[in-house]
Amino acid sequence: MNAKWRGLTILLILAAATGWSITEASVVADGAKVEKLAGGFSFTEGPAADAQGNIYFSDIPNNRIHKWSLDGKLFTFRENSGGANGLYFDEEGHLLACEGGGRRLVSIDRNGKASVLADKYQGKKFNSLNDLWIDPKGGIYFTDPRYGGRNGMEQDGEHVYYLAPDRKKLVRVIDDMVRPNGVIGTPDGKTLYVTDHGGRKTFAYTIEQDDTLSGKKLIAPEGSDGMTIDNEGNIYLTGRVVAVYNKKGEKIEDIKIPEGPANVTFGGSDRHTLFITARTSLYSVKMRVKGDERMQAGPESKFEQDIIATNTGDLKITFIGHGTLMFTFNGKIIHVDPVSREADYTDMPKADIILITHEHGDHLDPKVIKMLRKEDTDLVLTQACAERVDGGITMKNGDVQTVQYLRIEAMPAYNIVHMRSAGNPFHPKGRGNGYIITFGDKRVYVAGDTENTPEMKRLRNIDVAFLPMNLPYTMSPEMVADAAKAFKPGILYPYHYGRTNTQEIVDLLRDSKDIEVRIRSME
């Protein structure tokens, strides 16, 4: 017997002796420990992850909804929350909340304004809405138990409902539970899991074409408060511990929490972190698995997106159009040249930082800037742009600033060859900026309206570069290739490319093995 088979035999003998299966691994990341993130609450519930992976959760007795950001900061998102319990983000980035005290289902926009989606069934007020899940069509399954006193109850029991995507049709889909509580569905919209907290059982249902439920099947012989699902189809229940069941209904793991868990969700930039609301605190633990709740990506999900790993977290790039980009990094939203002709910004994420490269209308849109600004938004722009927009940080070519812990360098952006008329370049030197932004250990260069200038070709240590390719205003594919071969970015994205054939730059750099050319939609 050779060494390889001898080792495998020993492993199998050990597995048989200990009852361990070599095909099963813990859902928790190797070596990870449960970590307390924040405390001092009265009763935490309803965690939900937004598009970036920030966590929103409710503190029911204190009537608040809090936000735990990717950079480890705690905010109060909403006061007077109506006793909000379960939370969930819809595809437009609105936060839906089950108001237990208000006895209604509401949608909260990014500015905190709430709209009532449902507060009665057949003319009678709900009991005390608890938890919800949004299906792929946009319909909402929600539970309506009653804990505590029974005074004021108008319904004939504690049930589960479905609100159709048009928000007009409301039907009761489960009416045989003692006290329904947590609810979660599979991303394909075919299975719904509902826990009967009062009956101490959890069930799986088939979701029919008309959104009714059939095929009730016991999935776990215990009830739960909140629940979630991972990308292997495992279901997470909350009671004394976080109990993990596979989709066959077999219990595979217990995750012990210092306080009794009430609800769970996956979040973080990579969805590999399990967040747990437990009595007075918020906890987290890094996971081997990741969340399989459908990405609640908000309006920016209509655009192509890439993820670039850095040593301090993932950088998400959203390719909006022409010269317009959006970066998401450690809870910060950075908009580059946001203009209304490229996107509807009425419901896009508000900006922490806005970078403007040029005063032309395809880069500078004062109305959109006003729309995206918050009280603490930093606007970085050129002197020419500052003449049209107040309250920004003006940077000249060569300036370096640290803005909200990000290092930003202003690079010259100008024409050498292409002119409006003799001696009159489309973009004169000193007027426009490109920017190098440092995200963790990655340097990202957004070149702005420019040609392959000497300053550009002298750059070094650029990990990601956005180079414009749009004649006659910026560069030809040959100019882009010339610059890229000089400063060798790890990843090159042509942008601002209009009708230019992007295959040309791919062909020109085919032999440059140290430069990865990525073509993304910028229309």
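Right above here is the structure, for reference.
First things first, this report covers the structure right here in the doc. (Residues numbered from 1 in each chain as written. Predicted model: local features only at pLDDT ≥ 70, side-chain atom pairs only at ≥ 80, totals over all residues. Heavy atoms only, no water.)

Right, let's get into the layout of surface pockets. Considering only enclosed or pocket space, the largest pocket measures out at about 780 Å³ in volume. Forming the walls of the largest pocket are 31 residues, and the residues nearest its centre are Tyr56, Lys67, Lys350, Asp352 and Lys374. Residue assignment for the lining of the largest pocket shows that the elements contributing at least two residues are strand 5 (74-79) and strand 30 (332-336). Broken down by element, the lining of the largest pocket gets its largest block of residues, 3 residues, from strand 5. Tallied by class, the residues present in the lining of the largest pocket amount to 9 nonpolar, 10 polar and 12 charged. (1 Å grid on protein atoms, 1.4 Å probe; cavity = no way out; pocket = protein on both sides within 12 Å on 5 of 7 lines; lining within 4 Å. Points joined across faces, edges and corners; volume = space filled by probe spheres on them. Helix = DSSP H or I, 4+ residues; strand = E, 2+ residues; numbered from the N terminus. Nonpolar A, V, L, I, M, F, W, Y, C, P; charged D, E, K, R; others polar.)

All right, on to the side chain of arginine 146 then. Within the element layout of this structure, arginine 146 appears in the loop between strand 13 (140-144) and strand 14 (159-163). The buried charged residue arginine 146 lacks any salt bridge, with aspartate 144 as its nearest oppositely charged partner at 6.9 Å. For arginine 146, the contacting residues outside a window of four places in its chain are Arg103, Asn127, Ser128, Asn151, Gly152, Met153, Glu158 and Arg179. (Buried < 20%, exposed > 50% of the residue type's maximum accessible area, 1.4 Å probe, protein only. Lys, Arg positive; Asp, Glu negative; His and termini not counted. Salt bridge = Lys/Arg side-chain N within 4 Å of Asp/Glu carboxyl O. Contact = heavy atoms within 4.5 Å.)

Attention now goes to the sheet that holds strand 24 (residues 263-267). If you walk across this open sheet you meet the 4 strands as 1-26-25-24, and the pairing is antiparallel. Strand pairing shows two members of the sheet lacking a second neighbour, strand 1 (35-38) and strand 24, which therefore form its edges. The average undirected angle you get between the axes of adjacent strands in this sheet is 30°. Bridging between strand 1 and strand 26 (residues 281-286) involves 3 bridges; their strand directions are antiparallel. Bridge pairing in strand 26 places lysine 36 opposite tyrosine 283. (Pairing = 2+ DSSP bridges. Axes fitted to C-alpha atoms, helices over the stretch in contact; angles between N-to-C directions.)

Relative to the elements of secondary structure, glutamine 404 occurs in the loop between strand 34 (400-403) and strand 35 (406-413). In this structure the C-alpha to C-alpha distance between glutamine 404 and methionine 348, which are 56 residues apart in sequence, comes to 20 Å. Apart from the residues lying within four places of it in its own chain, the contact partners of glutamine 404 are Lys332, Asp352, Ile353, Asp376 and Asp378. At 2.9 Å, the side chain of glutamine 404 forms a polar contact with the side chain of aspartate 378. (Polar contact = N/O pair within 3.5 Å; in protein donor to acceptor, adjacent residues only side chain to side chain.)

The buried fraction of strand 8 (residues 104-108) is high, at 4 of 5 residues. The antiparallel pairing of strand 7 (residues 95-99) with strand 8 creates a hairpin that spans 4 residues between the two strands, and arginine 103 there sits at a positive phi of about 60°. Examined bridge by bridge, strand 8 and strand 9 (residues 114-118) share 4 bridges and lie antiparallel to one another. Looking at the pairing, valine 106 lines up with valine 116 of strand 9.

All of the buried residues in helix 5 (residues 477-487) are Pro477, Met479, Val480, Ala481, Ala483, Ala484 and Phe487. Next to the buried residues of helix 5 lie strand 39 (442-446), helix 4 (454-457), strand 40 (464-468), strand 41 (491-495) and helix 6 (503-508). Immediately downstream of helix 5, the backbone of lysine 488 shows phi near 55°, a positive value.

Looking now at the sheet that holds strand 28 (residues 313-321). Pairing in this open sheet of 7 strands is mixed, and the strands run 27-28-29-30-31-32-33 from one edge to the other. Looking at the sheet topology across the chains shown, the edges are occupied by strand 27 (304-310) and strand 33 (393-394). Here strand 29 (residues 324-329) runs beside strand 30; their pairing, made up of 5 bridges, is antiparallel. Residue pairing for strand 30: threonine 328 is matched across the bridge by isoleucine 333.

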